[in-house]
Structure formats: structure tokens, C-alpha cells
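# Architecture at a glance
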Amino acid sequence: MEPRSLFTRHDSLRSKRWHACLVFLLFSSLTLPAEATRSNVYIAQTARGANTGLDCANASAATFVNTSSNWGNGGAQIGSDTTVHLCGAFTGGNATTFITFYGSGTPGHPVTLLFEPGASLRPNYCAGAGCIDLNGQSNIVIDGGVTCGETGKWTTTACNGKIENQLAGTAGQACPGGACIPLGPTTQSAAIGTSAGSPSIVEIRNLYISLYVRAPSGDDGVEDGMYTYGISLHNGTLAQGIVAHHMIFKGMAKGYLISLGSMTGTLSDYEVYNSNFTDQCWAMGVGADALNMNITKLLFHDNEVSNWDSWARANNPPTGTNDCHPNGTMWFNGNGSTVRSGSFGFIGDATSGIYNNYLHGDLTGAYASSSASGMLSCQDNCITVPVFNNVLIDTCTNTNPVRACGGPIYFNGAGGGGQQIYNNTIVGSLGSNCFLVTSQTAPPLIKNNICTGQRNHIAVRQSGTTWTGFYTGDFNDIYNLGNPNNWVCNNTARCANRGAAAPNDASSITTDPNLDTNYRPQSGGSAVIGLGVNLTSLGIAALNKDILGAVRPVIGAWDAGAYQFTVVSPPAPPTGLTTTVR
């Protein structure tokens with residue numbers, strides 16, 4: 001073979017370079033996708049195995065997620081659609097934050113923090129910014145891993161993921177980690193909070209949160225634990241879109257607390273559902289004092305709330321103020337005295353709702369100096385909120401000791417009004433008022449309710465303002481009340497609009513509703529069956545079903561109360577059978 005000339009070698013190299021250029025041009029003409037963020041990273045308190053973060057056996061240390069440079073849009077970073085898995089128990093000392101978010105997801109593509117089986121956060125007590133600090137970030141999901149909380153009516157399922165203070169409680173009580181150490185009257189501890197900013201579009205689900213073991217009786221004057229919060233966004237935040245569901249809150253001053261700052265405009269979307277609250281002062285609190293801001297689309301539904309006993313006694317601090325006014329819900333926009341007018345400065349609207357809940361117990365904890373508010377309460381400048389399908393069992397007797405029991409449904413001004421109260425079942429112990437209304441500028445609408453065993457049906461305490469319009473109440477069953485007049489007003493001049501122009505309770509009755517042990521109309525006959533007016537025309541979809549989901553009639557009368565009586569028909573006999581004789 002002839003040796004190749006230098007010319008031939010040059011042509012060969014030129015040909016190879018030409019092919020390389022074609023390949024480069026071809027690929028450079030394509031639009032390549034941006035590098036995706038990391039899909040999954042597994043985190044333990046300290047590194048495990050090969051420290052790859054690929055599974056719990058090889059989890060990276062928590063310092064990985066708590067380092068800001070590990071958040072972003074790079075392939076090894078935490079960002080949209082990343083799931084951070086928590087592995088095992090995390091333990092810590094006083095004022096501990098275990099996880100801090102340093103980035104946000106994007107709409108529809110959140111960053112998810114997921115508790116793997118057996119994962120928990122167990123400090124002496126969580127920091128005020130939270131054992132989990134949202135740090136002002138948004139589009140986040142925090143998931144305990146297994147559906148829990150109120151999974152049925154009324155069935156509570158235990159949670160996998162847990163956030164539990166180990167040593168926080170009244171002196172002399174037994175805490176999970178040993179003898180309790182009190183948190184003073186200003187020490188804050190939150191399971192989930194934020195150190196800065198205004199987190200938005202945050203979903204928190206499937207978690208057990210327990211923060212404080214408070215002495216069950218007596219008032220020690222210390223007012224310990226009053227700043228313990230399950231979910232807490234405050235200090236002027238403008239957070240919105242904060243949803244919590246399928247949760248268990250046990251032992252804390254407030255379960256869900258959003259304390260908003262001020263702006264011009266509207267903040268919205270605060271929701272708690274399918275959750276169990278026990279041993280607290282408030283279950284769900286949302287509030288502000290914002291003249292130019294409305295707070296809308298608040299929802300509290302399908303929850304169970306009970307046991308205010310340990311917190312109701314926190315009413316005698318050295319400052320002489322009330323540290324706990326027990327409530328289930330506590331929504332407000334005001335300072336207790338300012339009446340708002342015009343288009344802004346209100347809380348609640350027709351898109352809000354308090355429905356399908358079961359609350360039971362004594363708001364006072366049988367403590368004489370307690371300052372109870374209401375099981376379901378919407379206060380300063382609260383307007384037009386529908387409240388329906390709730391079962392409220394009030395065990396306050398107002399005797400031994402004598403005390404003010406509050407009200408199962410409580411609307412306290414200044415300002416507001418026009419709430420829509422439909423199809424609730426309220427059973428009392430002659431100590432309270434089914435409905436307590438104070439200092440509003442518009443009357444509520446009260447229809448299709450059962451009020452039995454209370455002191456009063458409706459108590460109105462007006463001061464400084466007269467209602468505009470007429471109180472409207474009808475189709476209610478008002479039975480076995482301590483006050484035979486059933487409707488009381490502390491100042492008739494302030495209630496002057498209740499009169500012949502608006503005949504009230506003309507179709508209401510005072511008959512035993514004949515409820516069973518679950519507070520449902522009994523099959524043997526109940527006066528509340530067919531008593532109610534049909535409210536389909538209101539267009540409230542959830543009201544068209546009862547608390548259990550039974551459909552109310554589209555045409556014809558409804559039953560009063562939270563339950564629609566249904567008759568289960570026996571199966572039809574079979575047809576088309578033939579007999580064969582052998």
C-alpha cells in the first residue's frame with residue numbers, strides 16, 4: 001500500500017472537522033430544557049450510610065436542607081417539585097428550629113416536606129419561629145405521610161408525622177420527656193411558623209402537634225404556655241392561602257393562628273378541615289385591625305373541638321387582663337370598639353363558612369373567673385358568614401360555681417352583622433345562650449335550628465349602635481329553655497327594629513325534638529322533621545346536604561337541625577322468579 005501523502009492526511013482531518021461542525025450545529029439548534037431541580041432528598045438529623053440522600057438508609061444530614069446554597073433551580077438543588085423526606089426522630093433543646101425553607105415552589109409545583117414512617121420532631125420546645133420555619137416562602141406542602149385526624153364523623157385516626165415538645169408544661173406536670181418546665185408568659189413556641197415575610201399557598205396536612213401540658217385546675221397566676229401555637233403566622237404578616245387539614249392538635253394555646261398586618265386590598269383563603277382539636281384556648285384564630293383591608297374566604301368545616309379546661313383558667317394574670325377567652329373559631333378585624341363602614345375593614349363574606357363541625361364541652365372549664373366567648377365566634381366587623389350544620393353540645397351549667405358560660409354561637413361587635421345561621425343543633429345545660437349577639441350594626445338571620453336545654457334562645461347585648469333592618473328568625477325548634485321568653489335584649493331601645501314589621505319565629509315551635517344519643521331525630525317521630533324551610537335558593541352547596549352528607553330535598557320542607565332524617569327503605573322483593581316442582 002502506498003503511504004498516504006501529507007495532502008491526503010490533511011483532507012482526512014478536514015473531513016472529520018466538517019462532520020464535527022455539522023454535529024455541533026445540529027445540537028446547538030435545539031432548545032434544551034433547563035436543568036431540573038432535585039426530585040427527592042432524604043434527610044436525617046445526622047448523615048447515615050453513604051450520605052447520598054437517596055433514601056433513609058443513606059440520608060444526608062439536616063444541614064443540607066438548612067443551607068441556603070442548596071436551594072435553587074439546579075439539578076442538585078431543592079426547588080419546585082422537590083420532596084424533602086424526613087427520616088427518623090429529630091431531637092433538640094430549647095427554642096429549636098429543625099428545618100428552615102430557603103426557597104419556594106411555583107404554582108402547582110410545590111416544595112414538599114414529607115415525614116417518612118416514624119419521623120418526628122421532638123425538641124425540649126420549638127422556637128417561636130417554629131420547629132419548621134417557613135421563612136417567608138410560598139408554594140409549600142408539609143405532609144405527615146398518612147391520612148389522619150378526623151377521617152369520619154366523628155372518628156379520629158392517629159398520625160404518623162409528629163411535632164411534640166418534650167419538656168414544656170406547668171411545673172409539677174408530667175411531660176413526654178420528663179418533668180415539665182414552664183414556658184413563661186411571653187415565651188413563644190410554634191410547631192410551624194415563620195421568622196420573616198408572608199408565606200402564601202401553604203398546605204399543612206396529616207400531622208400530630210402537641211406543645212404544652214398545662215395543669216388542669218386552679219390559677220397559678222403565672223399564665224404559662226399562653227404563647228404556644230400549632231401553626232402561627234403573625235408579626236404583621238400578609239400571609240394568605242394557608243390550609244391545614246387532617247390534623248390532630250392537642251395541648252397548646254392556639255391551634256391555627258394567623259395574625260395579619262395591614263394593607264389596602266383583600267387577603268383570602270384561610271381553611272381548616274377534617275381536624276381534631278383538644279386541650280386549647282382557640283382552635284382557629286384569624287384576625288387583624290386593618291381599616292383598609294378585607295379578609296375573605298375563611299373556612300372551618302368538618303372538625304371536632306373539645307376540652308378548654310386547662311386554658312379557661314388563664315384569666316387572672318398580674319397585668320389584670322384576660323389571657324384566654326376560650327373559643328373554637330375566633331375571627332375579627334378591629335380593636336374591640338371601631339365600627340367599620342364603606343367597602344373595607346371587614347372580615348368574612350358569603351364565600352366564608354363555618355359548617356359540619358362537632359364541638360362539645362364547657363368553655364369555662366368549670367372555673368368561676370373564666371372569660372368564655374363562643375364555641376363558634378366571629379367578632380369585630382364580621383359580616384354575612386354562613387354558619388350551618390354544626391352540632392354544639394354545651395355542658396356549662398352556670399352553677400357550682402356561678403360563671404358566665406359564653407355562647408355556642410357568638411357574634412360580638414363592634415360592627416358587622418348579617419351572619420346566616422342555618423340548620424344547627426345546639427344542646428345545652430341551662431347555662432348559656434344558643435345565640436349571643438353584641439354591638440353589631442346589622443342583625444343575623446336565624447332559621448332551621450334546634451335550640452334545646454339552654455338559658456336563652458337568643459341574647460342580644462347592644463350598646464352604642466342600633467340595628468339597621470329587622471332581626472329574622474323562624475322555623476326553629478326552641479325547647480326546654482330557662483327563660484320562657486326565649487329572646488332577651490338588654491336594652492329595648494337598641495332592639496327597636498324587632499317588631500311587627502318582621503314577625504319572628506311565627507313558624508317556630510317549642511316541642512321536644514326527640515333526639516337520639518347522637519343528636520339525630522329519632523325514627524319514632526320528631527317534631528323537627530319537616531319543620532325547616534327549604535333554603536336551596538341560597539345557592540350554598542354544602543348546606544344542601546346535612547352534616548353527614550345526606551342530600552336535602554330540592555323541593556319541599558327541610559328538617560330543622562344539622563341532620564336530615566332519612567328512612568332506609570327495605571330492599572324490594574325479587575321479581576321474575578319461577579318455581580320448579582320436583
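Relevant structure appears above.
Residues numbered from 1 in each chain as written. Predicted model: local features only at pLDDT ≥ 70, side-chain atom pairs only at ≥ 80, totals over all residues. Heavy atoms only, no water.

## Examining the environment of Gly118
Looking at the secondary structure, you find Gly118 in the loop between β6 (111-115) and β7 (120-123). Considered as a pair, Gly118 and Leu86 are 32 residues apart in the sequence and their alpha carbons are 9.3 Å apart. Apart from residues lying up to four places away in sequence, Gly118 is in contact with Gly88 and Asn160. (Helix = DSSP H or I, 4+ residues; strand = E, 2+ residues; numbered from the N terminus. Contact = heavy atoms within 4.5 Å.)

## What to know about the nonpolar core
If you look at the biggest cluster of nonpolar residues, it comprises 83 residues, and the most contacted ones within it are Ile142, Ile163, Ile192, Tyr256, Tyr270, Val286 and Trp331. If sequence neighbours within four positions are ignored, Val286 has contacts with Tyr256, Ile258, Leu260, Tyr270, Ile295, Leu298, Met330, Trp331, Phe332 and Ile347. In this structure, Tyr125, Ala190, Ala253 and Cys281 belong to the second largest nonpolar core, which totals 15 residues. (Core = buried A, V, L, I, M, F, W, Y, C linked by side-chain atoms within 4.5 Å. Buried < 20%, exposed > 50% of the residue type's maximum accessible area, 1.4 Å probe, protein only.)

## Focus: the packing of aromatic side chains
All chains considered together, the criterion is met by eight aromatic pairs. Between Phe249 and Phe277, the aromatic rings sit 4.5 Å apart at their centres with planes inclined by 5 degrees, giving stacked as the arrangement. Of this pair, Phe249 sits in strand β20 (residues 248-260) while Phe277 sits in strand β22 (residues 276-288); the two residues are 28 residues apart in sequence, bridging distant segments of the chain. This pair shows no difference in class: Phe249 is buried, exactly as Phe277 is. Among the aromatic residues, ring-to-ring pairing joins Phe249, Phe277 and Phe300 into one connected group. Its end group placed over the ring of Trp311, Arg214 keeps NZ or CZ at 5.3 Å from the ring centre. (Phe/Tyr/Trp six-rings, centres within 6.5 Å; stacked < 30°, edge-to-face > 60°. Lys NZ or Arg CZ within 6 Å of the ring centre and 35° of its normal.)

## Quick look at the state of the cysteines
One pass over the structure, following the stated rule, counts eight disulfides. What pairs with Cys56 in a disulfide is Cys87, and their sulfur atoms sit 2.1 Å apart. One disulfide, between Cys56 and Cys87, carries an S-S torsion of -80 degrees and so falls in the left-handed class. Pair noted here: Cys56 is in the loop between β1 (40-44) and β2 (60-61) and Cys87 is in the loop between β3 (83-86) and β4 (89-92), with a separation of 31 residues, a long-range link. Disulfide pairing places Cys175 opposite Cys180 at an S-S distance of 2.0 Å. Disulfide Cys175-Cys180: the torsion about the S-S bond is 110 degrees, which places it as right-handed. (Disulfide = S-S within 2.5 Å.)

## Side note on the layout of surface pockets
Over the atoms rolls a probe the size of a water molecule, and its path tells where empty space is left. There is about 160 Å³ of room inside the second largest pocket. If you go around the second largest pocket, you meet 14 residues; those closest to its centre are Ser210, Tyr212, Val213, Lys250 and Asp279. Of all the secondary-structure elements, those providing two or more residues to the lining of the second largest pocket are β17 (207-210) and β20. When the residues that make up the lining of the second largest pocket are grouped by side-chain class, the tally is six nonpolar, four polar and four charged. (1 Å grid on protein atoms, 1.4 Å probe; cavity = no way out; pocket = protein on both sides within 12 Å on 5 of 7 lines; lining within 4 Å. Points joined across faces, edges and corners; volume = space filled by probe spheres on them. Nonpolar A, V, L, I, M, F, W, Y, C, P; charged D, E, K, R; others polar.)

## Thoughts on the side chain of Asn139
Relative to the elements of secondary structure, Asn139 occurs in the loop between β8 (132-133) and β9 (140-143). Residue Asn139 is classed as buried on the basis of its relative accessible area of 13%. Excluding residues that lie within four positions of it along the chain, Asn139 makes contacts with Gly105, Thr106, Pro107, Pro110, Val111, Ser200 and Ile201.

## Looking at the pattern of salt bridges
This structure, assessed with the given rule, holds eight salt bridges. The partner of Asp143 in a salt bridge is Arg205, with the nearest N and O atoms 3.0 Å apart. Of the two residues, Asp143 is situated in strand β9 and Arg205 in strand β16 (residues 200-205); the sequence distance between them amounts to 62 residues. Judged by its relative accessible area of 9%, Asp143 falls in the buried class. In this structure, Asp224 and Arg214 form a salt bridge, with 3.7 Å as the shortest nitrogen-oxygen distance. Taken together, the residues Asp224 in the loop between β17 and β18 (228-237) and Arg214 in the loop between β17 and β18 connect sequence positions 10 residues apart. Each member of the pair, Asp224 together with Arg214, is buried. In the salt-bridge network here, residues are joined through shared partners; they are Asp143, Glu203 and Arg205. (Salt bridge = Lys/Arg side-chain N within 4 Å of Asp/Glu carboxyl O.)

## Observations regarding the side chain of Asp474
Within the secondary structure, Asp474 sits in strand β38 (residues 472-474). The charged side chain of Asp474 is buried without a salt bridge, its nearest counter-charge being Lys447 at 7.1 Å. At 2.6 Å, the side chain of Asp474 and the backbone nitrogen of Ser507 are in polar contact. Here Ser508 takes part through its backbone nitrogen, which lies 3.2 Å from a polar atom of the side chain of Asp474. Beyond its immediate sequence surroundings of up to four residues, Asp474 is in contact with Ile446, Lys447, Asn448, Asp505, Ala506, Ser507 and Ser508. (Lys, Arg positive; Asp, Glu negative; His and termini not counted. Polar contact = N/O pair within 3.5 Å; in protein donor to acceptor, adjacent residues only side chain to side chain.)

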